[in-house]
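# Observations on chain architecture
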Amino acid sequence: DVKISKVYCPIRASDDNQALKRLVDALEEAGKWKESYRPRLVAFSANLEHKCLGVSQELHEELASVDAVYHFAASLNLAANFEKMRKANCIPLKEVFRLCLTGQRKHLFLASTLGVFPQYFCQFGNELADKAIGRDVMPDIDLMKRILPLGIAGYAWSKLIMELAALELAKDIP
């Protein structure tokens, strides 16, 4: 039986009140909001591109004591080049890793995507129709280079780098 006493939610917002509003609005839109959640939620404005997520030292120390980090913040711009997606997705991941390694070691749950696989991205069309995606496999890099060039399809590459970095980090955290 798991008891969750507090859930910290870093949210892209202008301030903490706006962060809470965005969170409640999203949960309401999904039909999942319950007012009984409010006392356990700590929604706060954060910026993953800033050191310590751009939060106060006091809040960062609180975050250092959490048990787990769920990271679902990624830019999903499918038409952006790799440099833009690297700045939006890969660089901020370093702060998430830093948080996981600060204080007690934390479990990291990283949102993944099948979008790194060219066959999924292309909806298994034409030459990719028979290319199944198995469990615990990595995408074919040569196929990615051909179908998802860095100059126009940076999202898939940024997510692949995030996945590889997380696999490497997994050697150091639970």
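In case you missed it, the structure is sitting above this.
### Describing the packing of aromatic side chains
In total, this model carries three aromatic pairs according to the counting rule given. Ring centres 6.0 Å apart and planes at 80° place the aromatic pair Trp33 and Tyr37 in the edge-to-face group. Classification of Trp33 by relative accessible area gives buried; the value is 16%. Aromatic side chains Tyr70 and Phe109 sit 4.5 Å apart centroid to centroid with 10° between the ring planes, which places their arrangement in the stacked category. Of the two residues, Tyr70 sits in strand E3 (residues 68–71) while Phe109 sits in strand E4 (residues 107–110), which places them 39 residues apart along the sequence. The class of Tyr70 is exposed, set by a relative accessible area of 53%. Residue classification places Phe109 among the partly exposed positions, given a relative accessible area of 38%. Three or more aromatic residues joined by ring pairs form one cluster here, namely Tyr70, Phe72 and Phe109.

### Quick word on the layout of surface pockets
Put simply, the largest pocket is a space of about 1,400 Å³. Around the largest pocket, the lining comprises 39 residues; the ones closest to its centre are Val7, Tyr8, Cys9, Pro10 and Tyr70. Secondary-structure elements contributing two or more residues to the lining of the largest pocket are strand E1 (7–11), helix H1 (16–29), strand E2 (41–45), helix H2 (57–63), E3, helix H3 (82–101) and E4. When residues of the lining of the largest pocket are assigned to their parent elements, the largest contribution, five residues, is made by E1. For the lining of the largest pocket, the per-class residue count stands at 26 nonpolar, five polar and eight charged. Its volume calculated, the second largest pocket comes out at about 230 Å³. Around the second largest pocket, the lining comprises 14 residues; the ones closest to its centre are Ser112, Phe117, Val137, Met138 and Glu163. Taken together, the residues that form the lining of the second largest pocket break down as nine nonpolar, three polar and two charged.

### Observations regarding the state of the cysteines
Tallying each qualifying case throughout the model produces zero disulfides. We note that Cys9 lacks a disulfide partner, and the nearest cysteine sulfur, in Cys100, lies 15 Å from it. Cysteine Cys52 shares no disulfide, and the gap to the nearest cysteine sulfur, in Cys100, comes to 13 Å.

### Some remarks on the nonpolar core
Considering soluble globular proteins, one finds that nonpolar side chains tend to be buried as a cluster. If you look at the biggest cluster of nonpolar residues, it comprises 20 residues, and the most contacted ones within it are Phe44, Leu53, Val55, Leu63, Val69 and Leu108. The leading source of residues in this core is H3, at six residues. Those residues in contact with Leu63 that sit more than four places away from it in its chain are Tyr8, Phe44, Leu53, Val55, Leu99 and Lys106. Membership of the second largest hydrophobic core comes to nine residues, among which are Val116, Phe117, Leu148 and Ala156.

Analysis parameters
Residues numbered from 1 in each chain as written. Predicted model: local features only at pLDDT ≥ 70, side-chain atom pairs only at ≥ 80, totals over all residues. Heavy atoms only, no water. Phe/Tyr/Trp six-rings, centres within 6.5 Å; stacked < 30°, edge-to-face > 60°. Buried < 20%, exposed > 50% of the residue type's maximum accessible area, 1.4 Å probe, protein only. Helix = DSSP H or I, 4+ residues; strand = E, 2+ residues; numbered from the N terminus. 1 Å grid on protein atoms, 1.4 Å probe; cavity = no way out; pocket = protein on both sides within 12 Å on 5 of 7 lines; lining within 4 Å. Points joined across faces, edges and corners; volume = space filled by probe spheres on them. Nonpolar A, V, L, I, M, F, W, Y, C, P; charged D, E, K, R; others polar. Disulfide = S-S within 2.5 Å. Core = buried A, V, L, I, M, F, W, Y, C linked by side-chain atoms within 4.5 Å. Contact = heavy atoms within 4.5 Å.

Purely geometric numbers; function is a separate question.
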